[in-house]
Amino acid sequence: MRCLVVLLSTLWVITDACPRIISKAEWGALPGRCHASFIPQRNYVIIHHTVTPPCYTQAACCTQLKNMQRFQMKKWCDLGYSFMIGEDGNVYEAQGWHRHGIHAPKYNRNSLGLAFIGNFQEQVPNPAAINAAQNLIKCAIEKKVLIPFYTLKAHRNVYSTACPGNALYNIIRFWDRFKAQS
Ligand SMILES: [Zn+2]
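What you are looking at is a predicted structure, and each value in this text was computed from that prediction instead of being measured.

A. Quick look at the coordination of the zinc ion. Distances from the zinc ion to its protein donors, His-48 (ND1), His-155 (ND1) and Cys-163 (SG), fall within 2.0 to 2.2 Å. On the basis of relative accessible area, His-155 is assigned to the buried category, the value being 11%.

Written out as structure tokens, the structure is:
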């Protein structure tokens, strides 16, 4: 009986870190045109914002994602982030766990690019979005797609940009494993 309790609590801990991830098929993505790639594990997490209106429901986030994908595919092969985070508390698949990103030159093959949907220059993402992002990072370590001693950075730390906005930057610079300079 004790073994069963231990086993169940272990399973609960493992699955608890992973937030709900809405797949590309579920949010109605177009097929991407990127070359196939498989990256087993990354060393960095890079945080972005999308500089779009926010979304607070799954339906609104799906609409935003479809618009963003159509816009980004005018220039690139697909939405370039690994995952996108809505203020509905869901994580949305873009390039996903194993395909390389198109979000930060020099880091596209060794980072997970997480983009908060909205503009976080003046205001912070809500707790649902913050929790989803932090759980996704824990989940990535559990899945061994991110090394436990990863480095967390903002887009502005690796490229000349204001991304992910001052308000969000002032949150993530206090997160575990943040390092502005490499
Ligand atoms: Zn960015």
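B. Layout of the nonpolar core. Counting 28 residues, the largest nonpolar core has Ile-47, Leu-114, Phe-116, Leu-152 and Trp-175 as the members making the most contacts within it. The set of elements that each furnish at least two residues to this core consists of strand S2 (42-49), strand S3 (83-85), strand S5 (111-116), helix H4 (127-142), strand S6 (146-154) and helix H5 (166-172). Counting residues per element, this core draws most heavily on H4, at 8 residues. Look past the residues within four positions of Leu-152 in its chain and what remains in contact with it is Val-45, Ile-47, Ile-137, Ile-172, Trp-175, Asp-176, Arg-177, Phe-178 and Lys-179. Within the second largest apolar cluster, 14 residues are counted, among which are Ile-22, Trp-27, Cys-55 and Met-68.

C. Focus on the layout of surface pockets. Looking at the largest pocket, its volume works out to about 530 Å³. Lining the largest pocket are 21 residues, and of these Thr-50, Phe-71, Gln-72, Trp-76 and Tyr-81 lie nearest its centre. Among the secondary structure elements, those contributing two or more residues to the lining of the largest pocket are S2 and helix H3 (58-72). Looking at the lining of the largest pocket, its residues break down into 10 nonpolar, 10 polar and 1 charged.

D. Inspection of the pattern of salt bridges at higher detail. Tallying each qualifying case throughout the model produces 3 salt bridges. Here Glu-26 ties to Arg-20 by a salt bridge, and the two come within 3.6 Å at their closest N and O atoms. For Arg-20, a relative accessible area of 45% corresponds to the partly exposed category.

E. Up close: the state of the cysteines. Throughout the structure, instances matching the rule amount to 3 disulfides. Across a sulfur-sulfur distance of 2.1 Å, Cys-18 and Cys-139 are joined as a disulfide pair. Residues Cys-18 and Cys-139 are joined through a disulfide that is right-handed, its torsion about the S-S bond being 90°. In this pair, Cys-18 is assigned in the loop between helix H1 (2-16) and strand S1 (21-22) and Cys-139 in helix H4, connecting sequence segments 121 residues apart. Exposure remark for Cys-18: the relative accessible area of 27% places this residue in the partly exposed category. With a relative accessible area of 0%, Cys-139 lands in the buried category. Through a disulfide, Cys-34 is tied to Cys-77; the S-S separation comes to 2.0 Å. Taking the torsion about the S-S bond as the criterion, the Cys-34 to Cys-77 disulfide, at about 90°, is right-handed. With a gap of 43 residues between them, Cys-34 in the loop between helix H2 (24-27) and S2 and Cys-77 in the loop between H3 and S3 connect regions that are remote in the sequence. Take the cysteines of the chain that form disulfides and number them in order along the sequence; they join up as 1-6, 2-5, 3-4. No disulfide involves Cys-62; its nearest neighbouring cysteine sulfur is the one of Cys-61, lying 7.1 Å away. On the basis of relative accessibility, which here comes to 11%, the residue Cys-62 falls in the buried class.

Quick notes on the rules
- Residues numbered from 1 in each chain as written.
- Predicted model: local features only at pLDDT ≥ 70, side-chain atom pairs only at ≥ 80, totals over all residues.
- Heavy atoms only, no water.
- Donors = N, O, S within 2.8 Å, 3.2 Å for Na, K, Ca; no water.
- Buried < 20%, exposed > 50% of the residue type's maximum accessible area, 1.4 Å probe, protein only.
- Core = buried A, V, L, I, M, F, W, Y, C linked by side-chain atoms within 4.5 Å.
- Helix = DSSP H or I, 4+ residues; strand = E, 2+ residues; numbered from the N terminus.
- Contact = heavy atoms within 4.5 Å.
- 1 Å grid on protein atoms, 1.4 Å probe; cavity = no way out; pocket = protein on both sides within 12 Å on 5 of 7 lines; lining within 4 Å.
- Points joined across faces, edges and corners; volume = space filled by probe spheres on them.
- Nonpolar A, V, L, I, M, F, W, Y, C, P; charged D, E, K, R; others polar.
- Salt bridge = Lys/Arg side-chain N within 4 Å of Asp/Glu carboxyl O.
- Disulfide = S-S within 2.5 Å.

Any link to function would need more than the numbers given here.
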